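Summary of structural features
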Amino acid sequence: MTTSSELLDLSPVMPVVVLDEAEVAPDVARALLAGGIRTIELTLRTPAALAAIEKVASQVPDIVVGAGTVTTPRQAADAADAGAAFLVTPGTTESLLDAVTATGLPFLPGAATVSEAMRLTERGLDTLKFFPAAASGGPAALKAFAGPLPQLTFCPTGGVSVANAPDYLALSNVGCVGGSWLTPGDAVAARDFERIEALAKECSALAA
Ligand SMILES: O=C(O)C(=O)C[C@H](O)[C@H](O)COP(=O)(O)O
């Protein structure tokens, strides 16, 4: 996997995962894989995140592990050092873009408006995260983006569910959707990997 566009082709849903304990990360990744999901975005929202990325990268080589919630240049470098294979940012600033580009990793920069998407196009980028998707207009907004900006492909995230994912996935400019519902906090805390696998199966059956 060398490009962000290939990243979106791996699974119809990119799990957005928040972990409080790094130890559980490999089993969460294995449950997702068993359910047919081939990517995992571990968000840098918790102190455990970088260690979790390291563990998945070294122990579960069949899943493509990335870092999400990358909001500072330092986090971009730290995630790359931890072994992240891709980076995801909720929004973009010039310094953050410089830092994620410097890692050499594929990345999904966040945009919520046409102007933000156009600025990223000026930087040579064509594969973006649309965040917060539901609050920014949902599928109707993305469908409208495709008129003036048909060259862009999005991963909408934020308020996406198994129920509304098909509405996004049916659009010409959506490669996959992202969401946290595959790995509910209570399922992770209870080590209920069967539930995570079942949620992953439901997602991998969605048509991309
Ligand atoms: O953490 C980030 O980098 C984000 O940009 C936000 C997450 O992708 C969304 O918060 C997930 O949204 P839900 O699936 O609605 O829980």
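Heads up: the structure comes first, above all this text.
Now for a look at the structure at hand. Predicted model only: the values in this text are computed from it and were never measured.

Analysis parameters
- Residues numbered from 1 in each chain as written.
- Predicted model: local features only at pLDDT ≥ 70, side-chain atom pairs only at ≥ 80, totals over all residues.
- Heavy atoms only, no water.
- Helix = DSSP H or I, 4+ residues; strand = E, 2+ residues; numbered from the N terminus.
- Rg over C-alpha atoms; globule rule 2.2 N^0.38 Å.
- Buried < 20%, exposed > 50% of the residue type's maximum accessible area, 1.4 Å probe, protein only.
- Contact = heavy atoms within 4.5 Å.
- Lys, Arg positive; Asp, Glu negative; His and termini not counted.
- Charge placed at Lys NZ, Arg CZ, Asp CG, Glu CD.
- Axes fitted to C-alpha atoms, helices over the stretch in contact; angles between N-to-C directions.
- Parallel < 35°, antiparallel > 145°, perpendicular 65-115°, else oblique.
- Left-handed = near helix turned anticlockwise from the far one by under 90°.
- Nonpolar A, V, L, I, M, F, W, Y, C, P; charged D, E, K, R; others polar.
- Core = buried A, V, L, I, M, F, W, Y, C linked by side-chain atoms within 4.5 Å.
- Near = heavy atom within 4 Å.
- Polar contact = N/O pair within 3.5 Å; in protein donor to acceptor, adjacent residues only side chain to side chain.
- Areas by Shrake-Rupley, 256 points an atom, 1.4 Å probe, with all protein chains shown as cover.
- Pairing = 2+ DSSP bridges.
- Right-handed = clockwise from strand over helix to strand, strands pointing away.
- Phe/Tyr/Trp six-rings, centres within 6.5 Å; stacked < 30°, edge-to-face > 60°.

Some points on the overall build of the protein chain
Of regular secondary structure, the protein chain possesses 10 helices and nine strands. For 208 residues, the compact-globule formula gives about 17 Å, and the C-alpha radius of gyration of the protein chain, at 16 Å, lands near that figure. The principal-axis extents of the C-alpha atoms in the protein chain amount to approximately 45 × 35 × 25 Å. Across the 208 residues that make up the protein chain, the buried fraction comes to 51%. Considering only intrachain contacts with a sequence separation of at least 6, the fraction spanning at least 24 residues in the protein chain is 59%. Once the 12 positive and 22 negative side-chain charges of the protein chain are each reduced to a mean point, those two points are 1 Å apart.

Describing the packing of helix α2 (residues 25-34) against helix α10 (residues 193-204)
When two helices pack together, their arrangement is given by the angle between the helix axes and by the axis-to-axis distance. Two elements in contact, α2 and α10, have axes separated by 7 Å at closest approach and are oriented at 40°. By the angle between their directions, the pair α2 and α10 is classed as oblique. As α2 packs across α10, the resulting crossing turns out to be right-handed. In this structure, α2 uses D27, V28, A31, L32 and A34 to contact α10, whose residues at the interface are F193, I196, E197, A200 and K201. Per-class residue counts for the contact of α2 with α10 are seven nonpolar, no polar and three charged.

Observations regarding the nonpolar core
A general tendency of soluble globular proteins is for nonpolar side chains to be buried together. Counting 63 residues, the largest nonpolar core has I40 and L87 as the members making the most contacts within it. With five residues, the top contributor of residues to this core is α2. For I40, the contacting residues outside a window of four places in its chain are P15, V17, V28, A29, L32, V56, I63, V64, V65, G66 and F86. Membership of the second largest hydrophobic core comes to 10 residues, among which are V64, V88, L108 and C155.

Some words on the side chain of T43
Considering the arrangement of structural elements, one finds T43 in strand β2 (residues 39-43). Residue contacts for T43: discarding those within four places in its chain leaves V16, V17, V18, A49, G68 and T69.

Thoughts on the site of the ligand
Around the ligand, a shell composed of V16, R45, T69, P90, K129, F131, T157, G158, G159, G179 and S180 is seen. At 2.7 Å from an oxygen atom of the ligand is found a side-chain nitrogen or oxygen belonging to R45. Residue K129 places a side-chain N or O atom 2.8 Å away from an oxygen atom belonging to the ligand. Notes on the ligand: free accessible area 410 Å², of which the protein chains cover 83%.

Here's the deal with the pairing of strand β7 (residues 127-130)
Residues in a regular strand project their side chains so that they alternate between the two faces of the sheet. The side-chain alternation of β7 yields two buried faces, one formed by T127 and K129 and the other by L128 and F130. As paired elements, strand β6 (residues 110-111) and β7 share two bridges and run parallel to each other. Within β7, the position partnered with A111 by the bridge is F130. The parallel pair β7 and strand β8 (residues 153-156), bridged by helix α7 (residues 138-145), forms a crossover whose chirality is right-handed.

What to know about the sheet that holds β8
Sheet strands pair via backbone hydrogen bonds, and the direction of the pair is either parallel or antiparallel. The parallel open sheet is built from three strands, whose spatial order is β6-β7-β8. The outermost strands of the open sheet, each flanked by one partner alone, are β6 and β8.

So, the packing of α2 against helix α3 (residues 49-59)
One can describe the packing of α2 onto α3 by two numbers: an axis separation of 8 Å at closest approach and a directional angle of 55°. Accordingly, the angle class assigned to the pair α2 and α3 is oblique. The two elements α2 and α3 meet at a crossing, and its hand is right-handed. On α3, the residues that touch A25, P26, A29 and R30 of α2 are A52, K55, V56 and Q59.

With respect to the packing of aromatic side chains
Evaluated as defined, the whole model comprises three aromatic pairs. Taking 5.5 Å as the distance between ring centres and 70° as the angle between the ring planes, the aromatic pair formed by F130 and F145 counts as edge-to-face. With F130 in strand β7 and F145 in helix α7, the pair connects residues that are 15 residues apart, well separated along the chain. Comparing F130 with F145 shows no difference in burial state: the two are buried. Considering the side-chain rings of F145 and F154, the 5.6 Å spacing of their centres and the 70° angle between planes classify their relative orientation as edge-to-face.

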